[in-house]
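Each chain, written out:
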Amino acid sequence: MGTMKTGVPLKVSLDGHVEEIENVSDAADFLQRWPIERRGHVYRSALNACSAAIAAQISQADAIKVFTGFARVAGILVAGGGPATMLEQRTVQSRLPKQGRQMPK
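Residues numbered from 1 in each chain as written. Predicted model: local features only at pLDDT ≥ 70, side-chain atom pairs only at ≥ 80, totals over all residues. Heavy atoms only, no water.

## Side note on the pairing of strand β2 (residues 17-21)
Where we set the bar: Each pair of strands is called paired provided DSSP finds at least two bridges between the two strands. Numbering of helices and strands runs from the N terminus; a helix is a DSSP stretch of H or I covering at least four residues, while a strand is a stretch of E covering at least two.
With 5 bridges joining them, strand β1 (residues 10-14) and β2 adopt antiparallel strand pairing. Within β2, the residue paired with Lys11 across the bridge is Glu20. Where β1 folds back onto β2 in an antiparallel hairpin, the turn is made up of 2 residues, including Asp15, whose phi is positive at roughly 55°.

Here you go:
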C-alpha cells in the first residue's frame, strides 16, 4: 500500500494515544480496534471504503477521504500534532445546491 499523497500522515487520537495513519492498511487496522459500542454508520462506511481500496475496487485516496470524514465525525482527528479537535459544524445552507442548479431526479 502506498502512502498518502501529501506525504504527511493523518493523526488520530484514541484514548489519549495519538496514532499516525500513513495508508489504507493503517486506517483499516485502526478501524478494527475501534470500540464496538462506538461503531455506527460512519464507522461502517470508513471500514467498507478501506476494504474496497485494499481490494482495488476504489482508489486509496477516496478511502482515505472517507476515513478522514470518520475521524472528524468521531472527534479523533488531530490537527497539527496537537490534541484532537472538533471541527465546526457545517450549516444546512452549505449542503444545499447552489441557486439555479436543478436537483437530480
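Read on, since the account is not over.
## Thoughts on the packing of aromatic side chains
This is how it is decided: Under the pairing criterion, centres of Phe, Tyr and Trp rings, with the six-membered ring standing for Trp, must be within 6.5 Å; the plane angle then separates stacked pairs below 30 degrees from edge-to-face pairs above 60, leaving the rest tilted. Between buried and exposed lies partly exposed: a residue is buried under 20% and exposed over 50% of the maximum accessible area for its type, with that area taken using a 1.4 Å probe on protein chains only.
The final tally for this structure, using the stated rule, is 5 aromatic pairs. Look at Phe30 and Trp34: their rings are 5.9 Å apart centre to centre, the planes differ by 40°, and that puts the pair in the tilted class. Classification of Trp34 as buried rests on a relative accessible area of 2%. Seen in terms of ring centroids, Phe30 and Phe67 are 6.0 Å apart; in terms of plane orientation they differ by 90°. Their pairing is edge-to-face.

## Here we look at helix α1 (residues 24-32)
Our working definition: Note: the arc covers the axis-to-C-beta directions of the helix. Throughout, a residue-residue contact means that at least one pair of heavy atoms, one from each residue, lies within 4.5 Å. For this analysis, a polar contact is any N or O atom pair within 3.5 Å, provided that within protein one partner can donate a hydrogen and the other can accept it, and provided that sequence-adjacent residues contribute only side-chain to side-chain pairs.
Within the sequence span of α1, burial applies to Val24, Ala27, Ala28, Phe30 and Leu31. Projected down its long axis, α1 shows its buried positions confined to an angular sector of 160°, all on one face. Looking at the buried side of α1, the elements it contacts are β1, β2, α2 (41-54) and α3 (60-74). Two or three places before Ser25, at the start of α1, stands the capping residue Asn23, its side-chain oxygen 3.1 Å from that residue's backbone nitrogen.

## Section: the nonpolar core
Generally speaking, nonpolar side chains in soluble globular proteins are found buried as a group. The following threshold applies: We define a nonpolar core as any set of buried Ala, Val, Leu, Ile, Met, Phe, Trp, Tyr and Cys residues linked to one another through side-chain atoms lying within 4.5 Å.
Of all hydrophobic cores here, the largest spans 23 residues; its most connected members are Phe30, Leu31, Phe67 and Phe70. Those elements that place two or more of their residues in this core are β1, α1, α2 and α3. Top element by residues in this core is α2. It accounts for 6 residues. Beyond its immediate stretch of four places on either side in the chain, Phe67 contacts Leu10, Val12, Ile21, Ala27, Phe30, Leu31 and Ala46.

Keep in mind that these numbers describe shape and distance, not what the molecule does.
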